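Descriptive structure summary
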Amino acid sequence: MGGHVQPDESYVYEPWYKYGIYFLFFEAAIAIGVTIYSLSMSFSGQTVQFKKKMVHEKPKAEQAQEAQTPVEQRCQALEKHLQEECLKAAASNK
């Protein structure tokens, strides 16, 4: 008595009912996935990257040296050596 309702055992669900239940579970799974994705973006400050692309760039000085032929590198080394000798000679003359 106290307001308790007995379930009606004679009720028959329609055929689409079970598909509706499956669809609701599918929707709930999508909602949980979206929630996890948005929380991860909130705490990290970045979007989640499922496939990271790593690009390693060489410093420009290394790229310039690789672009030079051995003769060009040798000429630069000689120029640097001659500049150092010239600066030493100028400093000793003063």
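Numbers given to residues run from 1 along each chain, matching the order in which its sequence is written. For a predicted model such as this one, the threshold for reporting local features is a pLDDT of at least 70, and the threshold for listing and counting side-chain atom pairs is 80 or more; totals across whole chains, interfaces and linings nevertheless cover every residue. With hydrogens and water set aside, each side-chain value is computed from the structure's full complement of heavy atoms.

For the protein chain, the helix and strand inventory stands at three helices and zero strands. Taken from N to C terminus, the helices and strands of the protein chain fall in the order α-α-α. In short, Shrake-Rupley with a 1.4 Å probe defines the accessible areas, and a residue's cover is counted only from the protein chains shown. With the model as given, the accessible surface of the protein chain reaches about 9,700 Å², and the carbon-plus-sulfur share is 62%. Only DSSP runs of H or I covering at least 4 residues are called helices, and only runs of E covering at least 2 are called strands; the numbering of each starts at the N terminus.

For Phe, Tyr and Trp, rings pair up if their centres lie within 6.5 Å, where Trp contributes its six-membered ring, and each pair is then called stacked (planes under 30 degrees apart), edge-to-face (over 60) or tilted (otherwise). Following the criterion strictly, the structure yields two aromatic pairs and no others. Each ring, one from Y13 and one from Y17, has its centre 4.2 Å from the other, and the planes form 15°; the classification is stacked. Only protein chains enter the accessibility calculation, which uses a 1.4 Å probe; a residue whose area is less than 20% of its type maximum is buried, one above 50% is exposed, and one in between is partly exposed. Classification of Y13 as exposed rests on a relative accessible area of 52%. Judged by relative accessible area, Y17 falls into the partly exposed class, the value being 33%. Between F23 and F26 the ring centres are 6.5 Å apart and the planes differ by 40°, which places this aromatic pair in the tilted class. Linking F23 with F26, this pair stays in helix α1 (residues 17-44), spanning three residues, or about one helical turn.

Predictor confidence is given residue by residue as pLDDT, running from a minimum of 0 to a maximum of 100. Mean pLDDT for the protein chain: 80, with 73% of residues reaching 70 or above. The secondary structure element of the protein chain with the lowest average pLDDT is helix α2 (residues 60-67), at 63, and the one with the highest is α1, at 92.

Another point: helix α3 (residues 70-93). Expected helix span is given by 1.5 Å per residue-to-residue step, counting one fewer step than there are residues. Over its 24 residues, α3 runs 35 Å from end to end, which matches the ideal 34 Å to within 8%, given 1.5 Å per residue. Within α3, only zero of the 24 residues are buried, which leaves it mostly out in the open.

Mapped onto the elements of the fold, E14 is located in the segment before α1. Looking at E14, the relative accessible area reads 47%, which means it is partly exposed. Here W16 takes part through its side chain, which lies 2.8 Å from a polar atom of the side chain of E14. Residues adjacent in sequence count toward polar contacts only when both atoms are side-chain atoms; beyond that, a polar contact is any pair of N or O atoms within 3.5 Å, and within protein one must be able to donate a hydrogen and the other to accept it.

Take a nonpolar patch on the surface next. Candidate patch residues must exceed 30% relative accessible area and have no salt bridge, after which like charges are joined if within 9 Å and Val, Leu, Ile, Met, Phe, Trp or Tyr side chains if within 5 Å. By convention in these notes, a salt bridge is any Lys or Arg side-chain nitrogen within 4 Å of a carboxyl oxygen on Asp or Glu. On the surface, Y11, Y13, W16, Y17, Y19 and Y22 cluster together into a nonpolar patch covering about 810 Å² of accessible area. With respect to the secondary-structure elements, Y13 resides in the segment before α1.

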